[in-house]
Amino acid sequence: MGEYSEAFVAFDVSKTKHAVAIAGGGRGSEVRFLGEVANTPAAVERLIGKLAGRYGKLHFCYEAGPAGYGLYRQIEALGHACLVVAPALIPKRPGERVKTNRRDAVTLARLHRAGELTGVWVPDTPHEAVRDLVRSREAAADDRRRKRQQLLSFLLRHGRIYSGGGHWTLAHRRWLATQSFEHPAQQIVFQEAIDAIADADQRLRRLEQQLAVIVPSWSMAPVVEAYQAMRGASFIVAVTFAAEIGDVRRFDNPRQLMSFLGLVPAESSTGERVRRKGLTLAGNRRARRVLVEAAWTYRYHARVGETLRARLEGLPKIVRDIAWKGQVRLCARYRRLSNAGKKLPVVVAAIAREMAAFLWAIGRQVAPA
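Below or above, wherever it landed, is the structure these notes cover. Here the structure is a predicted model, which is why all the values come from computation and not from measurement.

1. Re the overall build of the protein chain
Across its full length, the protein chain carries 13 helices and seven strands. When its C-alpha atoms are laid out on the principal axes, the protein chain stretches across 80 × 55 × 50 Å. Residues classed as buried in the protein chain amount to 41% of the 369 residues present. Contacts in the protein chain between residues at least 24 apart in sequence constitute 63% of all its contacts with a sequence separation of at least 6.

Right, dumping it as structure tokens:
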């Protein structure tokens, strides 16, 4: 090993220890397992210092997962390149049936040297903090949804069916207040469910208030404001999309963004046969979900209502032009696909895919602060 040689180091990260493997710079160089190192900054720094004394240049990588980006940031701070690998895009041999930390580390080192690994986008610390808050808000909304469904299921089992319209409106809540059960145990179950829903409502409201306070000081605030020019892109939709995707300028064209969101059809073609399947549903599911929810608003005719008009105030003209062009196109496309007999989920997915392209166009015009 020469003094100015390079090496590729792979970590198979875990909660307490990291398995470490190293591959020499040459394609024929050996790939060795170095052992395990404790999952502490001091231990990792000692290991990197030893390797830096033996090699002129080091390339690190590890698989993205619950360990987060702390290891990435530590390695970058020490002056070395680090790649956080997308787990779903790691090449795998069909015949492999044994999986261990050692094998995973050796495989990652070999693939990293060959350039076969695809990295994920790593947010900076403030961006990750806002994204954690957005995901916490989403978890609170899911929790409230489950609690509501549990109460409705309980009422259905006892023949209490509300027929006055939609659930969780003011009229529905008044109807809930009139419900009572003869047995004390059932009354307790009912009241506990009502209280749990009220607590979930308050938790969700608190998190949304914190988002409204924190986002204006975020570097992506101008982009979030511009996204809201699109019909259906409410504050929550815009914040979620910006937090999960980051700067859309990292995508060279809107097709890359559509593919990242999993809104493109899968394909299994061979020879002259072309066979397309359903959506790949790969990539970021949270951003995909909010786009699908926003796409339902295009079932109505194109217009600028009072809510949308207020969001458009103060935005650059080019952003307003892109948003209006998108609304006209997507509303017409929704009606055209529906009249052609397409199923509603297919129509909404197609609208969400094109909506991502218009958001990409808006994101190219407004840079983060």
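2. Focus on the layout of surface pockets
Reported here for the largest pocket is a volume of approximately 940 Å³. The wall of the largest pocket is formed by 28 residues, among which Ala-86, Val-120, Phe-260, Gly-283 and Asn-284 lie closest to the centre. Element by element, the count of residues in the lining of the largest pocket is highest for helix α9 (residues 254-260), at three residues. One number sums up the size of the second largest pocket: a volume of about 650 Å³. Surrounding the second largest pocket, 25 residues form its lining, Lys-92, Lys-99, Arg-103, Asp-104 and Thr-107 being those nearest its centre. A per-element tally of the lining of the second largest pocket places helix α3 (residues 101-114) first, with nine residues. Considered class by class, the residues forming the lining of the second largest pocket number 10 nonpolar, four polar and 11 charged.

3. Concerning the pattern of salt bridges
For the coordinates displayed, the defined rule picks out 22 salt bridges. Linking Arg-148 and Asp-201 is a salt bridge whose minimum nitrogen-to-oxygen distance equals 3.8 Å. With Arg-148 in helix α4 (residues 125-157) and Asp-201 in helix α6 (residues 184-214), this pair connects stretches of sequence that are 53 residues apart. Each member of the pair, Arg-148 as well as Asp-201, is classed as buried. Under the relative-accessibility criterion, Asp-201 is labelled buried at 10%. Among the charged side chains, a salt-bridge network with shared partners connects Glu-138, Arg-286, Arg-289 and Glu-293.

4. Comments concerning the packing of aromatic side chains
The full count for this structure, using the stated rule, is six aromatic pairs. Each ring, one from Phe-154 and one from Phe-181, has its centre 5.3 Å from the other, and the planes form 55 degrees; the classification is tilted. Of this pair, Phe-154 sits in helix α4 while Phe-181 is found in the loop between α5 (170-177) and α6, placing the two residues 27 residues apart along the sequence. Members of the aromatic cluster, each reached through a chain of ring pairs, are Phe-154, Phe-181 and Phe-190. Above the ring of Phe-181, the side-chain terminus of Arg-160 is found at 4.3 Å from the ring centroid.

5. Side note on the environment of Val-224
Structurally, the position occupied by Val-224 is in helix α7 (residues 221-227). For the pair Val-224 and Glu-45, spaced 179 residues apart in sequence, the C-alpha to C-alpha distance is 38 Å. With residues near it in sequence (within four places) discarded, Val-224 still touches Val-215, Trp-218, Phe-235, Ala-238, Val-239 and Ala-242.

6. Topic: the pairing of strand β4 (residues 57-63)
Counted residue by residue, β4 has five buried out of seven residues, so it is predominantly covered. In this sheet, β4 lies alongside strand β1 (residues 6-12) in parallel orientation, the contact comprising six bridges. Bridge pairing in β4 links Val-9 to Phe-60. Direction of pairing for β4 relative to strand β5 (residues 81-85): parallel, over a ladder of five bridges. Looking at β5, one finds that Phe-60 is bridged to Cys-82.

7. Structural notes on the pairing of β1
Most of β1 sits out of view: six of its seven residues are buried. Where β1 and strand β2 (residues 17-24) come together, six bridges link them in antiparallel fashion. Each residue of the ladder has a partner; that of Phe-11, found in β2, is Val-20. What sits between β1 and β2 in their antiparallel hairpin is a turn of four residues.

8. Some thoughts on the packing of α4 against α6
Between α4 and α6, whose axes approach to 9 Å, the crossing angle comes to 160 degrees. Relative to α6, the element α4 lies roughly antiparallel. Our pair here, α4 against α6, has a crossing hand that is left-handed. When grouped by side-chain class, the residues that make up the contact of α4 with α6 number 19 nonpolar, three polar and eight charged.

9. Quick notes on the nonpolar core
Formed by 59 residues in total, the largest nonpolar core has its most connected members in Tyr-227, Met-230, Phe-241, Leu-261 and Leu-291. Secondary-structure elements contributing two or more residues to this core are α4, α6, α7, α8 (235-245), α10 (285-295), α11 (306-312), α12 (317-339) and α13 (344-365). The dominant element in this core, judged by the number of residues it contributes, is α13, at 11 residues. Ignoring anything within four residues of it in the chain, the contact list for Leu-291 reads Phe-241, Leu-261, Leu-263, Ala-352, Met-355, Ala-356 and Leu-359. Within the second largest apolar cluster, 22 residues are counted, among which are Ala-7, Ala-43, Leu-47 and Leu-71.

Each value, and the rule that gives it
- Residues numbered from 1 in each chain as written.
- Predicted model: local features only at pLDDT ≥ 70, side-chain atom pairs only at ≥ 80, totals over all residues.
- Heavy atoms only, no water.
- Helix = DSSP H or I, 4+ residues; strand = E, 2+ residues; numbered from the N terminus.
- Buried < 20%, exposed > 50% of the residue type's maximum accessible area, 1.4 Å probe, protein only.
- Contact = heavy atoms within 4.5 Å.
- 1 Å grid on protein atoms, 1.4 Å probe; cavity = no way out; pocket = protein on both sides within 12 Å on 5 of 7 lines; lining within 4 Å.
- Points joined across faces, edges and corners; volume = space filled by probe spheres on them.
- Nonpolar A, V, L, I, M, F, W, Y, C, P; charged D, E, K, R; others polar.
- Salt bridge = Lys/Arg side-chain N within 4 Å of Asp/Glu carboxyl O.
- Phe/Tyr/Trp six-rings, centres within 6.5 Å; stacked < 30°, edge-to-face > 60°.
- Lys NZ or Arg CZ within 6 Å of the ring centre and 35° of its normal.
- Pairing = 2+ DSSP bridges.
- Axes fitted to C-alpha atoms, helices over the stretch in contact; angles between N-to-C directions.
- Parallel < 35°, antiparallel > 145°, perpendicular 65-115°, else oblique.
- Left-handed = near helix turned anticlockwise from the far one by under 90°.
- Core = buried A, V, L, I, M, F, W, Y, C linked by side-chain atoms within 4.5 Å.

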